[in-house]
Amino acid sequence: MALVFVKATLIDSYGDGWNGNTLLIHCDDDNTDTLELPSGDSTTETLTLINGCTYTVTCDGGSWQGEVSWNIVNLHTSETILSGGAPHSSTFTLNSSETLTLTSSNYVVLNDSAGNGWGANEMTLVSNSNSHTFTLATGSFSVEQFDLVDGDTYTITVGGGSNIDEISWSIHSASSTLLSGYDTFLTRDYTYSSLGSLTPTPAIFTITNYDGPLNSDWTLYATNMPSTGDILKLGSDLGSSESPLTALSAITIPTGATFDGQGYKIYIDMGSFAGSFILTGGTIQNLSIIATESTTSSGYITGSLNASGYIYNCHSNGSISAAGGGIVGQTNSGTLTIERCTSSGNHTSSNSGGITGYYNGNTINHTINECYSTGDISGSQTSAGITGRVYQVGTLSVNNCYHACEITGATTNAGICGISGGLNSDANVTITNCYSIGTGAKILGPSSATVSAYVVVKYCVAPEISPYSLKTGSTGNSTTMADIQGQLYEPSGDSAGNWSTDYWTAGSGSDYPMLGQFALGPWTGYTAYNTSATLSAPYTGGG
């Protein structure tokens with residue numbers, strides 16, 4: 001089989017990605033490439049095509065197609081094979097005068113964007129039984145063949161010279177790309193399988209410095225996202241209150257991977273920053289974000305619209321002036337558990353939340369346990385101390401949480417949860433063992449007098465439960481500490497009313513109950529709500 005190596009360049013004239021358009025290059029089932037530009041103004045991919053094959057090329061499927069352009073260049077001859085925009089559909093037969101015929105099981109493709117070789121930079125692959133070293137002596141492209149040993153674990157290293165931002169590379173088997181990288185590559189071990197994989201060996205890595213985006217442990221791991229089984233630790237604070245970071249690429253945390261902040265802090269000038277992490281099934285824990293005001297619908301920990309995984313013991317203190325959250329931003333889908341997290345930033349925007357932002361998807365499944373926020377809420381519509389506006393959701397369970405600060409602005413702002421009048425009728429929202437204190441405090445803040453879903457409130461304490469009436473009333477004003485404790489602490493099914501101290505600690509005298517070490521002032525004028533406090537469906541009240 002004669003192979004031809006080509007470079008495909010995708011360009012967006014506006015600089016915001018291809019908005020759903022894709023470039024498809026297809027010969028047969030074993031030689032199909034689908035290319036996308038999710039964001040930015042351009043990207044370049046090295047592809048392996050088959051000489052003599054007739055390819056179908058299409059570019060379509062998205063919006064703003066006038067911004068889209070692309071070209072395909074033969075790396076052997078530097079000739080442009082095809083170029084176009086969107087929409088596009090055509091065919092071509094590849095007849096290159098220069099090709100590569102495989103005589104080994106593997107090959108490596110080396111690229112240099114400046115066209116002057118790699119200089120002193122090298123790629124090394126070292127195992128117990130063999131080793132390989134590659135470099136690009138001159139020019140912009142070369143291919144070298146070699147054999148990996150089935151079952152061997154290789155330590156792969158790239159670097160050693162200057163202008164490393166000009167280099168890129170990829171390792172292949174006869175039928176697939178095994179691994180690829182650019183200027184910043186993380187040295188680590190990979191185990192080779194002749195079935196077609198280089199699998200990273202789980203490892204522990206530590207971030208200790210951030211000296212600008214081009215010289216940073218953080219950027220290294222953002223470029224080379226952790227793999228299943230990896231543990232990525234923060235080994236020191238990043239930035240300071242006097243010199244906060246002004247740029248921070250999000251690190252992806254996939255299923256089975258963990259980021260452990262180890263109690264350290266990241267200081268950042270937030271602005272339009274879109275979150276520290278993209279959470280796709282992994283765990284983020286033990287981290288504080290000290291930040292300025294967020295002006296996006298992001299969250300300080302993750303801004304991913306589809307976050308899934310587990311967030312534990314994370315904290316933020318930045319203000320929120322968009323539909324984001326102190327921990328998680330606006331969410332459209334995903335299954336996520338958030339536990340023992342806090343936020344102290346003020347909310348000045350509609351739909352924002354102290355822990356999570358705006359909910360806008362009926363496949364969202366969130367559980368929020370033992371969290372609190374202490375920021376003032378003053379947005380013009382449906383912001384709350386724990387969740388932002390809940391417009392569409394699958395299941396939402398908020399347990400053992402509280403908000404303690406002033407609530408002003410819209411009457412639909414609340415201490416615990418903002419409920420939208422458009423909430424989908426099959427939503428399942430339960431709020432258990434929560435309280436809200438301070439001026440204007442309440443548990444729920446529906447944005448309409450009609451909610452076509454059941455919202456269940458159990459053992460919650462606040463001056464009022466919502467701006468509107470309930471299907472059934474509350475138990476009335478509590479006059480003794482025992483009344484409050486009986487409502488807030490009573491475990492479900494415990495008819496004797498015994499306290500549950502699994503999550504809460506009673507304050508001394510008349511103090512409010514505590515999560516962790518946090519305590520507030522005396523109990524006065526708060527109403528306890530029991531298990532019968534359930535919003536009707538449709539929920540029609542008089543507010």
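Since we're looking at a predicted model, the values are computed, not measured. (Residues numbered from 1 in each chain as written. Predicted model: local features only at pLDDT ≥ 70, side-chain atom pairs only at ≥ 80, totals over all residues. Heavy atoms only, no water.)

K.L.:
Looking at this structure, how should I read the sheet that holds strand 3 (residues 31-36)?
P.N.:
Each strand in a sheet pairs with another by means of backbone hydrogen bonds, the pair being arranged parallel or else antiparallel. Pairing within the open sheet is antiparallel, and its four strands lie in the order 3-2-5-8. Two strands in the sheet have a free side with no partner beyond their single neighbour: strand 3 and strand 8 (88-93). Pairwise comparison of adjacent strand axes, ignoring direction, gives a mean angle of 15 degrees for this sheet. Pairing analysis gives six bridges linking strand 5 (residues 54-60) to strand 8, with the strands arranged antiparallel. The partner of Val57 across the bridge, within strand 8, is Ser90. (Pairing = 2+ DSSP bridges. Helix = DSSP H or I, 4+ residues; strand = E, 2+ residues; numbered from the N terminus. Axes fitted to C-alpha atoms, helices over the stretch in contact; angles between N-to-C directions.)

K.L.:
In this structure, what is going on with unusual backbone geometry? I would like to understand it.
P.N.:
Most peptide bonds are trans, and most residues other than glycine sit at a negative phi. Along the chain, Ala86 connects to Pro87 via a cis peptide bond; the corresponding omega equals 0 degrees. As for its position among the elements, Pro87 is in the loop between strand 7 (80-84) and strand 8. For Arg340, which is not a glycine, the phi torsion comes out positive at approximately 50 degrees. Looking at the secondary structure, you find Arg340 in the loop between strand 26 (331-339) and strand 27 (342-343). With a relative accessible area of 28%, Arg340 lands in the partly exposed category. (Buried < 20%, exposed > 50% of the residue type's maximum accessible area, 1.4 Å probe, protein only.)

K.L.:
Looking at this structure, I do not really get the pattern of salt bridges. What am I missing?
P.N.:
Side chains bearing opposite charge may pair, as long as their charged atoms lie close to each other. Summed over all chains, the structure comprises two salt bridges. Residue Arg188 pairs with Asp230 through a salt bridge whose shortest N-O separation is 2.7 Å. One end of the pair, Arg188, is in strand 17 (residues 188-193); the other, Asp230, is in the loop between helix 1 (217-223) and strand 20 (231-234), with 42 residues separating them in the sequence. Pair check on accessibility: Arg188 and Asp230 agree, each one buried. One salt bridge connects Arg340 with Glu370, and the closest N-O pair in it is separated by 2.7 Å. Of this pair, Arg340 sits in the loop between strand 26 and strand 27 while Glu370 is found in the loop between strand 28 (359-369) and strand 29 (372-373), placing the two residues 30 residues apart along the sequence. (Salt bridge = Lys/Arg side-chain N within 4 Å of Asp/Glu carboxyl O.)

K.L.:
Honestly, the packing of aromatic side chains in this entry has me stumped. Any pointers?
P.N.:
Aromatic ring pairs are defined here through the distance separating the ring centres and the angle between the ring planes. For the structure shown, the criterion picks out nine aromatic pairs. For the ring pair Phe134 and Phe146, a centre distance of 5.0 Å and an interplane angle of 55 degrees mean the geometry is tilted. Placement of the pair is Phe134 in strand 12 (residues 131-134) and Phe146 in strand 13 (residues 141-146), with a sequence separation of 12 residues. Like Phe134, the residue Phe146 is buried in the burial classification. Ring centres of Tyr372 and Tyr402 lie 4.9 Å apart, and the angle between their planes is 5 degrees; on these two criteria the pair is classed as stacked. Of the two residues, Tyr372 is situated in strand 29 and Tyr402 in strand 32 (residues 402-404); the sequence distance between them amounts to 30 residues. The buried category is assigned to Tyr372, whose relative accessible area is 16%. Tyr402 gets classed as buried once you look at its relative accessible area, which sits at 0%. Among the aromatic residues, ring-to-ring pairing joins Phe5, Tyr107 and Phe141 into one connected group. (Phe/Tyr/Trp six-rings, centres within 6.5 Å; stacked < 30°, edge-to-face > 60°.)

K.L.:
Just checking my understanding: could you explain the nonpolar core for this structure?
P.N.:
Soluble globular proteins tend to bury their nonpolar side chains together. The biggest cluster of nonpolar side chains holds 59 residues, and the ones touching the most others in it are Phe259, Ile311 and Ile368. In terms of residue count, strand 24 (residues 277-291) provides more of this core than any other element does, six residues in total. The contacts of Phe259, once residues within four sequence positions are left out, are Ile207, Trp218, Leu232, Leu234, Ile253, Phe277, Thr283, Ile284, Gln285 and Leu287. Grouped together as the second largest cluster of nonpolar side chains are 24 residues, Leu10, Trp18, Val68 and Ile72 included. (Core = buried A, V, L, I, M, F, W, Y, C linked by side-chain atoms within 4.5 Å. Contact = heavy atoms within 4.5 Å.)

K.L.:
Teacher, can you tell me more about the side chain of Asn21 here?
P.N.:
Tracing the chain through its elements places Asn21 in the loop between strand 1 (2-12) and strand 2 (22-28). Note on Asn21: relative accessible area 2%, which makes it buried. There is a polar contact of 2.8 Å between the side chain of Asn21 and the backbone oxygen of Trp18. Within polar-contact distance, the side chain of Asn21 engages the backbone oxygen of Ser63 at 2.9 Å. (Polar contact = N/O pair within 3.5 Å; in protein donor to acceptor, adjacent residues only side chain to side chain.)

K.L.:
Could you clarify how one ought to interpret the state of the cysteines in this entry?
P.N.:
Here the structure, examined in full by the defined rule, presents one disulfide. What pairs with Cys27 in a disulfide is Cys53, and their sulfur atoms sit 1.3 Å apart. Here the S-S torsion is close to 50 degrees, and the disulfide linking Cys27 with Cys53 is therefore right-handed. Linking Cys27 in strand 2 with Cys53 in the loop between strand 4 (42-50) and strand 5, this pair joins segments that are 26 residues apart in sequence. (Disulfide = S-S within 2.5 Å.)

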